[in-house]
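Spelled out, the chains give:
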Amino acid sequence: MADEQQQRQDGPVLELKDVSITFDRDKVLNGVSFVVQPGETRVLLGPAGGGKSVLMKLVNGLIKPDTGSIKVFGQEITTMTEAQLFEMRRRVGMVFQESALFDSMNVEDNVAYRLNEEGTATEEAHKRVQEALDFVELGKAITKFPAELSGGMRRRVSIARAIITKPDLILYDSPTGGLDPITSTTIVQLVVKQRDVSHTTALMITHRLQDAFVLATHRFDTDKNEMQPIPDHGVDENTKFLVLNGGKIVFDGSTLELTHSEDPWLKSYLS
Amino acid sequence: MPFASPSEFVKTNVIAVQDYSVLCARAIAALFSPPLYLGDIFSQMDAIGFGSLPITILAGFFTGCVLALQSATSLQQFGAISMTGRLVSLSMMKELGPVLTGLMVSGRNASGMASELGSMKVTEQIDAMRALGVDPIRKLVLPRVSATVFMLFFLTILSDAVGVAGGGLVSVFMLGLNGTSYFHSTYRALVYGDVVQGMMKPIFFGFIISTVGCYFGMSTKGGTQGVGKATTQGVGVSSGVMLVVDFLISRLTIGIFGR
Ligand SMILES: Nc1ncnc2c1ncn2[C@@H]1O[C@H](COP(=O)(O)OP(=O)(O)OP(=O)(O)O)[C@@H](O)[C@H]1O
Ligand SMILES: [Mg+2]
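This write-up is about the structure you can find in this document. Just so it is clear, the structure is predicted and the values come from calculations on it, not from any experiment.

Structural notes on the sheet that holds strand β3 (residues 41-45) of chain A
All names here are of chain A.
Link 1 in the chain: Taken in spatial order, the six strands make up an open sheet running β6-β7-β8-β3-β11-β12, and their pairing is mixed. Lying at the two open borders of the sheet, with one neighbouring strand each, are β6 (92-95) and β12 (248-254). The average undirected angle you get between the axes of adjacent strands in this sheet is 15°.

Dropping the structure here:
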């Protein structure tokens, strides 16, 4: 048991091998393989409709692949029952592309959803909700309903809901999609904070290249409580990239490898 | 809309029936293992049972009234007008009470379930729930199914009762029959088999209405339009299946009890 625990901590957090899935005869993912190591923040880029959200749902076991193997924390999830998947998902936080807040509940109940489910005492839950909302700088919105919030606020509530139980893996699906640059920066800063302060492993989808590069070139300064550029054009070593196009991985590597890639399609995509 | 090939059509329908069966099986299995969301079950009972009370009483009462009125004119031709009470109570108890209440609840609640779950599905709230470690079958489907089965049973009894009462009012005040003999004949008409039949139906109907409504909600695809489609299909299919099952149960109980 101890060995297994150890192995779970040391081995890769995510390991996909040859994953394929077809929807209505369209091959959405075709032989996708990659590995995410502990502490890594993996940025997933790619054109719209390239299967990024599908990939993220596969990783959380919300849909099953047609073929291939998906290992999360060293355990094969494609053969798990729904009950076993719930066990695995306790260690995973997920931010959906459209936030997916429960619209019949207020912000507090949304964020506390998991705590209430686990039977955490009311005061304790309230305290932790307040903490999580303060983390995303939305402490004042606790009694509001999702319909009363702006898109960016909803996104941040969704982040608070995902991080409240301090998961070992966070999946962010386009957390900055459709937002203005200032709100996007706030959200990227949250991701950087999560990476540098809690050292959580993360997979993040984004459409905005500038956000991806901000993520790679900044680090969180705990004294000033904001992110700062890494001096001398340095890049964060724990931030790596994955580019998905037409259902296949076309790039898998570090920031420098990406910016120096000679691949013509990648070059045009990045410019 | 392009016409689907026959084999494609059969395939999608077979898959739909299979998915529906899996949903029902999982909902029933969820009943026998913790956690049970009692709070959700009670709030659904309130919404489905108490919420349907006015419409059920109205429908039951006036059906009883019109039944007495219509049957009295026919029965008079045979000089059997004193049989009115018997006819009203048998029709209400065995057939009209369960079916009308079922149709009312289906129109009101199968549509509600399909649209509510459907909106949650298309806005990814169902997936979010699963991602947060909660089984939507347990949290959303089971409360609706158990509440509908439980409440439809009592709504049907109520509908039978007000129907007989409505028939009584018409018989006494409009047809000039004797009240005591009316109620006596309604009571005397019913035997064990009729009661079993009348009480069995709402249990099946409640299960069909709620599971079909939830199934269409949970399998909604394609945005707001999809929600609308799920809603109409939920009501249509649940009412249709309910009427077919009504026929089967009637035939079965006639086979067993001889009436
Ligand atoms: N549940 C589903 N049923 C059928 N097809 C689906 C389903 N989910 C996704 N698809 C298809 O899979 C493809 C990839 O979708 P996906 O949502 O993963 O794209 P994406 O890369 O996240 O795009 P975006 O950047 O716009 O969010 C799309 O063509 C979509 O039509
Ligand atoms: Mg997407």
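Description of the site of ligand 1
Residue and element names in this part refer to chain A.
Link 1 in the chain: Taken together, Phe23, Asp24, Val28, Ala48, Gly49, Gly50, Gly51, Lys52, Ser53, Val54, Gln97 and His207 make up the full set of residues adjacent to ligand 1.
Link 2 in the chain: Measuring from an oxygen atom of ligand 1, one finds a side-chain N or O atom of lysine 52 at 2.7 Å.
Link 3 in the chain: When isolated, ligand 1 has an accessible area of 630 Å², and the protein chains bury 61% of it.
Link 4 in the chain: Among the elements that line the shell around ligand 1, the one with the most residues is helix α2 (residues 52-59), at three residues.
Link 5 in the chain: Tallied by class, the residues present in the shell around ligand 1 amount to four nonpolar, six polar and two charged.

Structural notes on the interface of chain A and chain B
The accessible area lost on association of the parts is a frequent measure of interface size.
Link 1 in the chain: Contacts between chain A and chain B engage 21 residues on the former and 17 residues on the latter.
Link 2 in the chain: Roughly 1600 Å² is buried in total at the junction of chain A and chain B, and carbon and sulfur atoms are behind 55% of that figure.
Link 3 in the chain: Our count for the chain A to chain B interface comes out at four salt bridges.
Link 4 in the chain: Taking the shortest distance from any N to any O, the salt bridge between A:Lys57 and B:Asp127 comes out at 3.8 Å.
Link 5 in the chain: Going through the elements one at a time, α3 (82-89), β6 and α5 (113-117) of chain A are the ones with two or more residues in the side of chain A that touches chain B.

Things to note about helix α6 (residues 122-135) of chain A
Because an α-helix packs 3.6 residues into every turn, residues spaced three or four apart end up facing the same way.
All names here are of chain A.
Link 1 in the chain: The end-to-end C-alpha separation of α6 is 20 Å, in line with the 20 Å expected for 14 residues at 1.5 Å each.
Link 2 in the chain: Those residues of α6 lying buried are Ala125, Val129, Ala132, Leu133 and Phe135. Projection of α6 onto a plane perpendicular to its axis shows the buried side chains occupying an angular sector of 150°, all on one side.
Link 3 in the chain: In this structure, the buried residues of α6 make contact with α4 (107-111), α5, α7 (151-163) and α8 (181-198).
Link 4 in the chain: Two residues or fewer after α6 comes glutamate 137, characterised by a positive phi angle close to 60°.

Let's talk about the coordination of the magnesium ion (ligand 2)
Residue and element names in this part refer to chain A.
Link 1 in the chain: Those donors, Ser53 (OG) and Gln97 (OE1), are the protein atoms that reach the magnesium ion (ligand 2), and they lie 1.9 to 2.2 Å from it. With serine 53 in helix α2 and glutamine 97 in the loop between β6 and α4, this residue pair connects regions lying 44 residues apart in the sequence.
Link 2 in the chain: Judged by relative accessible area, serine 53 falls into the partly exposed class, the value being 22%.
Link 3 in the chain: For glutamine 97, a relative accessible area of 27% corresponds to the partly exposed category.

Details of empty space enclosed by the protein
Rolling a probe over the atoms, with the probe sized like a water molecule, indicates the empty space that remains.
Link 1 in the chain: Counting across every chain of the model gives two cavities of 30 Å³ or more.
Link 2 in the chain: Its volume calculated, the largest cavity comes out at about 50 Å³.
Link 3 in the chain: Around the largest cavity, the lining residues are A:Val92, A:Gly93, A:Met94, A:Phe96, A:Arg114, A:Arg161, A:Ala162, B:Ala128, B:Ala131 and B:Leu132.
Link 4 in the chain: At the level of secondary structure, the elements contributing two or more residues to the lining of the largest cavity comprise β6 and α7 of chain A together with α5 (125-131) of chain B.
Link 5 in the chain: Here the element with the most residues in the lining of the largest cavity is β6(A); it accounts for three residues.
Link 6 in the chain: Considered class by class, the residues forming the lining of the largest cavity number seven nonpolar, one polar and two charged.

Considerations on the packing of aromatic side chains
Link 1 in the chain: With the rule as written, the count across this model stands at 10 aromatic pairs over all chains.
Link 2 in the chain: Within the aromatic cluster, the residues linked to one another by ring pairs are B:Tyr20, B:Tyr215 and B:Phe216.
Link 3 in the chain: Sitting over the face of the ring of A:Phe73, A:Arg91 holds its NZ or CZ atom 3.8 Å from the ring centroid.
Link 4 in the chain: The positively charged end of A:Arg161 is found above the aromatic ring belonging to A:Phe102, 5.0 Å away from the centroid.

Details of the pattern of salt bridges
Link 1 in the chain: Counting across every chain of the model gives 22 salt bridges over all chains.
Link 2 in the chain: Between A:Glu82 and B:Arg130 there is a salt bridge; the shortest N-O distance is 3.1 Å. With A:Glu82 in helix α3 and B:Arg130 in helix α5, this residue pair bridges two chains.
Link 3 in the chain: Judged by its relative accessible area of 22%, A:Glu82 falls in the partly exposed class.
Link 4 in the chain: Residues B:Asp40 and B:Lys139 are paired through a salt bridge, measuring 3.2 Å at the closest nitrogen-oxygen approach. Taken as a pair, B:Asp40 in helix α2 (residues 38-50) and B:Lys139 in helix α6 (residues 136-173) lie far apart in primary sequence, 99 residues in all.
Link 5 in the chain: Looking at B:Asp40, the relative accessible area reads 24%, which means it is partly exposed.

Here is what the cut-offs are and how they apply
Note on numbering: residues in each chain are counted from 1, in written sequence order. Written order determines the labels here, with chains lettered from A and ligands numbered from 1. Only residues with pLDDT of 70 or above have their local features reported here, since the model is predicted, and side-chain atom pairs are shown and tallied only from 80 upward, although totals for entire chains, interfaces and linings are computed over all residues. In computing side-chain values, all of the structure's heavy atoms are included and hydrogens and water are not. Strands are treated as partners if at least two bridges between them are detected by DSSP. In this text, helices come from DSSP runs of H or I with a minimum length of four residues, and strands from runs of E with a minimum of two, each type numbered from the N-terminal end. Between N-to-C directions, angles cover 0 to 180 degrees, with each direction set by a line fitted to C-alpha atoms, over the stretch in contact for helices. The near set for a molecule or strand comprises every residue that places at least one heavy atom within 4 Å of it. For the purposes of these results, a polar contact is taken to be a pair of N or O atoms within 3.5 Å, where, inside protein, one atom must be able to donate a hydrogen and its partner to accept one; residues adjacent in sequence count only when each atom of the pair is a side-chain atom. Under the convention used here, a 1.4 Å probe and the Shrake-Rupley method define accessible areas, while residue burial counts only the protein chains that appear. Amino acids outside the nonpolar list (Ala, Val, Leu, Ile, Met, Phe, Trp, Tyr, Cys, Pro) and the charged list (Asp, Glu, Lys, Arg) are all regarded as polar, and Gly is one of them. Contact criterion: two residues are considered in contact whenever any of their non-hydrogen atoms come within 4.5 Å of each other. Buried area: the accessible surface (1.4 Å probe) lost by two parts on joining, summed over both. Whenever a carboxyl oxygen of Asp or Glu lies within 4 Å of a side-chain nitrogen of Lys or Arg, that contact is scored as a salt bridge. To estimate how far a helix should extend, the number of its residues minus one is multiplied by 1.5 Å. A 1.4 Å probe rolled over the protein chains alone gives each residue an accessible area, and that area as a share of the maximum for its type sets the label: buried under 20%, exposed over 50%, partly exposed in between. Note that the arc is computed from the directions linking the helix axis to the C-beta atoms. Only nitrogen, oxygen and sulfur atoms qualify as donors, provided they sit within 2.8 Å of the metal or within 3.2 Å for Na, K and Ca; with water excluded from the atoms, sites may seem incomplete. Points on a 1 Å grid, built from protein atoms alone, make a cavity when a 1.4 Å probe fits but cannot get out and make a pocket when they are open with protein on both sides within 12 Å along at least 5 of 7 lines; residues with an atom within 4 Å of a point are the lining residues. Grid points are joined across faces, edges and corners, and a volume is the space filled by probe spheres set on the points. Any Phe, Tyr or Trp ring, taking Trp's six-membered ring, that has another such ring centre within 6.5 Å forms a pair; planes under 30 degrees apart are called stacked, those over 60 apart edge-to-face, and the others tilted. Distance and angle both matter: a charge sits over a ring if NZ of Lys or CZ of Arg is within 6 Å of the ring centre and within 35 degrees of the ring normal.

Taken by themselves, the reported measurements are silent on function.
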